[in-house]
Amino acid sequence: MNAQQLSVRLMKVAEHVQPGAVVADIGSDHAYLACYLLHNGSASRAVAGEIVKGPYESAKKQVREEGLEGKITVRLAPGLEAVEPEDGITAVTIAGMGGSLIASILEEGKSRLAGVERLILQPNVHAQAIRLWAVQNGWRIVAEDILKEKDKIYEILVLEPTAEEVQLDAKQLLFGPKLLQDQNDIFKEKWKREATQWKAIAERLENTEETEDIRTKKEQLLEKIALMEEVFADENP
Ligand code: SAM
């Protein structure tokens, strides 16, 4: 992968960036996504934020080599602290991290999201944490994608601010409101894999001494298995 040849996963993220957007890519690593967005005309300017020195240096180098120093600012900062009001950011991308980490970056930096029109988020796991954050913070899910690359399955969530109250039920939070509507083959494969894991864990827990913690874990698992069985009532994944 490089700035010209992105992974399928990052290409899908890039597809959701609106033309002319001023993008903050948080956790940019090599800044491949930011460089790609500038080269392909989707973004007019970008900030690439990184918390770790090594990837930050790689991002600086990549931006320099691509001749994009005038268009991409690379900053060493945690989460949305990479964004300054004068950047005029209109879209934020955060990809390749866990959903809980992405949700905590958004929560901690939400004062820096003023003026942002779109969040494009690609959690590797636990997308539910992002959907919950969206509901609680006035963001609606306008699109969701699911894709498979090198046998890994990824979800992408696109959020836009709304003044209306957002409501998602337990099923929509777990599976994603848009993905649940589509239920394509990759979606079915993802949840089939998850179901196998949950059932194995539930079985192990059955043979473990029951503490408060174990009981809560078991209840959560059984709740998820019940939701899954409802969704796949006709398919039995
Ligand atoms: N976004 C790229 C992608 O999707 O291919 C890189 C993903 S890489 C697995 C995650 C990157 O996020 C790492 O470079 C890590 O240092 C950075 N990171 C993790 N937590 C961060 C935070 N709170 N703020 C900024 N960057 C962070």
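Presented here is an overview of the structure given in this document. Values in this document were obtained by computation on a predicted structure and should not be read as measured data. (Residues numbered from 1 in each chain as written. Predicted model: local features only at pLDDT ≥ 70, side-chain atom pairs only at ≥ 80, totals over all residues. Heavy atoms only, no water.)

Section: the packing of helix α4 (residues 99–108) against helix α5 (residues 128–137)
Here is step 1: α5 packs onto α4 with a crossing angle of 25 degrees between their chain directions and a minimal axis gap of 8 Å. The orientation of α4 relative to α5 falls into the category roughly parallel. Residue-level inspection shows G99, S100, I102, A103, L106 and E107 of α4 in contact with α5, the latter providing A129, I130, W133 and N137.
Here is step 2: The class makeup of the residues in the contact of α4 with α5 is six nonpolar, three polar and one charged. (Axes fitted to C-alpha atoms, helices over the stretch in contact; angles between N-to-C directions. Helix = DSSP H or I, 4+ residues; strand = E, 2+ residues; numbered from the N terminus. Parallel < 35°, antiparallel > 145°, perpendicular 65-115°, else oblique. Contact = heavy atoms within 4.5 Å. Nonpolar A, V, L, I, M, F, W, Y, C, P; charged D, E, K, R; others polar.)

Digging into the packing of helix α8 (residues 185–206) against helix α9 (residues 212–231)
Here is step 1: Two elements in contact, α8 and α9, have axes separated by 10 Å at closest approach and are oriented at 145 degrees. As α8 packs across α9, the resulting crossing turns out to be left-handed. Of the residues in α9, those touching α8 at W191, E194, A195, W198, K199, I201, A202, L205 and E206 are I214, K217, K218, L221, K224, I225, M228 and E229.
Here is step 2: Looking at the contact of α8 with α9 residue by residue, the class counts come to ten nonpolar, no polar and seven charged. (Left-handed = near helix turned anticlockwise from the far one by under 90°.)

Thoughts on helix α1 (residues 8–15)
Here is step 1: Every buried residue of α1 is listed here: R9, L10, V13 and A14. Along the long axis of α1, the arc covered by the buried residues comes to 140 degrees, so they all point the same way.
Here is step 2: The inward-facing, buried residues of α1 abut α2 (32–39), β4 (91–97), β5 (118–123), β6 (139–149) and β7 (152–161). (Buried < 20%, exposed > 50% of the residue type's maximum accessible area, 1.4 Å probe, protein only. Arc of directions from axis to C-beta.)

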